[in-house]
Amino acid sequence: MTQSRTRITKAVIPAAGLGTRFLPATKATPKEMLPVVDKPAIQYVVEEAAAAGLSDVLMITGRNKRPLEDHFDRNHELEQALTRKGDEDRLSKVQESSDLATMHYVRQGDPRGLGHAVLCAAPHVGDQPFAVLLGDDLIDPRDPLLSRMVEIQEQHGGSVIALMEVDPSQIHLYGCAAVRTTPEDDVVQVTDLVEKPDSADAPSNYAVIGRYVLDPAVFEVLRKTKPGRGDEIQLTDALQSLAADPGLGGPVHGVVFTGRRYDTGDRSDYLRAIVRLACEREDLGPDFRTWLRSYVTEEM
């Protein structure tokens, strides 16, 4: 059994999607660069990885994703202009994104699903455990989910996935986990996984959300995984194999998340995420909340 205890330093962020749900805004702009208040959505994800101690970030990109690289690179002309103006506040915000982590990029080429995107990271990751963060899920920094997942992986080895209880009527939108309890209230052992099951067939209401800490054994399983739902290589199918046979790469545990999560994957939830985060900002919140209350009262 693979029981890696190597300290986790690498994160993989799949970012090759076309963002069709946000057209026409994403015709020429990657969906990951859409702003959530005043930062692109992808920056929140990289900040989360960095806060969990993951200093090496690999983005899996595709065509028209060059703005992602530019955002996390230095912009010397802009920095010099801000320096000449003495605008230290904006200068620090511009430099912040390029100082978060060591960034790497690889193109997925033929988009064949999340499992294939993760497999593209194999040469960079090597034989170390690593994290995968999906950009549509923003986790509030006050609820350090990823740090907890890294802790559980370092304790038990194998792989760890993030789970969240959802209404049974919504489980068909997610991967779903069959679980058994452990002595820790927020940790379960995963015994089976089903990708987007019908509500009547779901083994639980534990939905898989977009955070994973994976044993490198997942790469060999992915290489043998045939295309599944949507004719794509599903990461869920590979994790199902690992859960069914811990001898392949250690057990699969789940951390049950009860904190604040913002879904930027669809338009309505994206707008809700902006409103929630803006309301909680010290610099924006007081005035914005006053306006919002007035607006809602007028519309009722």
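These notes cover the structure that comes with them. None of these values were measured; they are calculated from a predicted model.

1. So, the nonpolar core
Most often, soluble globular proteins have nonpolar side chains that are buried together.
So, step 1. The biggest cluster of nonpolar side chains holds 44 residues, and the ones touching the most others in it are I13, L54, M59, L133, L145 and V213.
So, step 2. Here the element with the most residues in this core is helix α1 (residues 41-51); it accounts for six residues.
So, step 3. In contact with L54, other than residues within four places in its own chain, are I8, T9, K10, A11, A49, A101, A131 and L146.
So, step 4. Counting 33 residues, the second-largest nonpolar core is a separate cluster that includes L163, L214, L239 and V252.

2. Topic: the environment of A177
So, step 1. Note on placement: A177 falls in strand β9 (residues 175-181).
So, step 2. The class of A177 is buried, set by a relative accessible area of 0%.
So, step 3. Sequence separation between A177 and G19 is 158 residues; the distance between their C-alpha atoms is 27 Å.
So, step 4. Leave out the neighbours within four places in its chain, and A177 touches L163, V190, D192, L193, P203, S204 and Y206.

3. Here's the deal with a nonpolar patch on the surface
So, step 1. Together, W291, Y295 and V296 make up a nonpolar patch on the protein surface, roughly 310 Å² of accessible area in all.
So, step 2. Relative to the elements of secondary structure, Y295 occurs in helix α11 (residues 285-299).

4. Details of the side chain of E79
So, step 1. Mapped onto the elements, E79 comes out in helix α3 (residues 76-85).
So, step 2. Taking relative accessible area as the criterion, E79 reaches 5% and is therefore assigned buried.
So, step 3. In this structure, E79 is in contact with R74, L91, V94 and Q95, ignoring residues within four places of it in sequence.

5. Some thoughts on the pattern of salt bridges
So, step 1. Counted by the stated rule, this structure contains 20 salt bridges.
So, step 2. Among the salt bridges present, the one from R148 reaches D186, with a minimum N-O distance of 2.8 Å. Taken together, the residues span a long stretch of sequence, with R148 in helix α7 (residues 145-156) and D186 in the loop between β9 and β10 (187-195) at a distance of 38 residues.
So, step 3. Here R148 falls in the buried class, since its relative accessible area comes to 18%.

6. Thoughts on the side chain of D140
So, step 1. Topologically, D140 is positioned in the loop between β7 (137-139) and α7.
So, step 2. Its relative accessible area of 3% is what places D140 among the buried residues.
So, step 3. In this structure the side chain of D140 is engaged in a polar contact, spanning 2.7 Å, whose partner is the side chain of Y262.
So, step 4. In this structure, D140 is in contact with R260, Y262 and E280, ignoring residues within four places of it in sequence.

7. What to know about the packing of aromatic side chains
So, step 1. Applying the stated criterion across every chain yields a total of four aromatic pairs.
So, step 2. Judged by centre distance (5.1 Å) and plane angle (5 degrees), the rings of F130 and F219 are stacked. One end of the pair, F130, is in strand β6 (residues 130-133); the other, F219, is in helix α8 (residues 217-224), with 89 residues separating them in the sequence.
So, step 3. Ring geometry for W291 and Y295: centres 5.2 Å apart, planes at 15 degrees, overall stacked. With W291 and Y295 both in helix α11 and four residues apart, this pair spans about one turn of that helix.
So, step 4. Under the relative-accessibility criterion, W291 is labelled partly exposed at 47%.
So, step 5. We classify Y295 as partly exposed; its relative accessible area is 39%.

8. Observations regarding the packing of α3 against helix α4 (residues 88-99)
So, step 1. The N-to-C vectors of α3 and α4 enclose an angle of 160 degrees; their axes lie 9 Å apart at closest approach. In terms of axis orientation, α3 runs roughly antiparallel to α4. You can see that α3 and α4 cross each other, and the crossing is left-handed. For the pair α3 and α4, contact is made by L78, E79, L82 and T83 and by R90, L91, V94 and Q95, respectively.
So, step 2. The residue inventory of the contact of α3 with α4, partitioned by class, reads four nonpolar, two polar and two charged.

Criteria and cut-off values
- Residues numbered from 1 in each chain as written.
- Predicted model: local features only at pLDDT ≥ 70, side-chain atom pairs only at ≥ 80, totals over all residues.
- Heavy atoms only, no water.
- Core = buried A, V, L, I, M, F, W, Y, C linked by side-chain atoms within 4.5 Å.
- Buried < 20%, exposed > 50% of the residue type's maximum accessible area, 1.4 Å probe, protein only.
- Helix = DSSP H or I, 4+ residues; strand = E, 2+ residues; numbered from the N terminus.
- Contact = heavy atoms within 4.5 Å.
- Patch = residues over 30% accessible without salt bridge, like charges linked within 9 Å, V, L, I, M, F, W, Y side chains within 5 Å.
- Areas by Shrake-Rupley, 256 points an atom, 1.4 Å probe, with all protein chains shown as cover.
- Salt bridge = Lys/Arg side-chain N within 4 Å of Asp/Glu carboxyl O.
- Polar contact = N/O pair within 3.5 Å; in protein donor to acceptor, adjacent residues only side chain to side chain.
- Phe/Tyr/Trp six-rings, centres within 6.5 Å; stacked < 30°, edge-to-face > 60°.
- Axes fitted to C-alpha atoms, helices over the stretch in contact; angles between N-to-C directions.
- Parallel < 35°, antiparallel > 145°, perpendicular 65-115°, else oblique.
- Left-handed = near helix turned anticlockwise from the far one by under 90°.
- Nonpolar A, V, L, I, M, F, W, Y, C, P; charged D, E, K, R; others polar.

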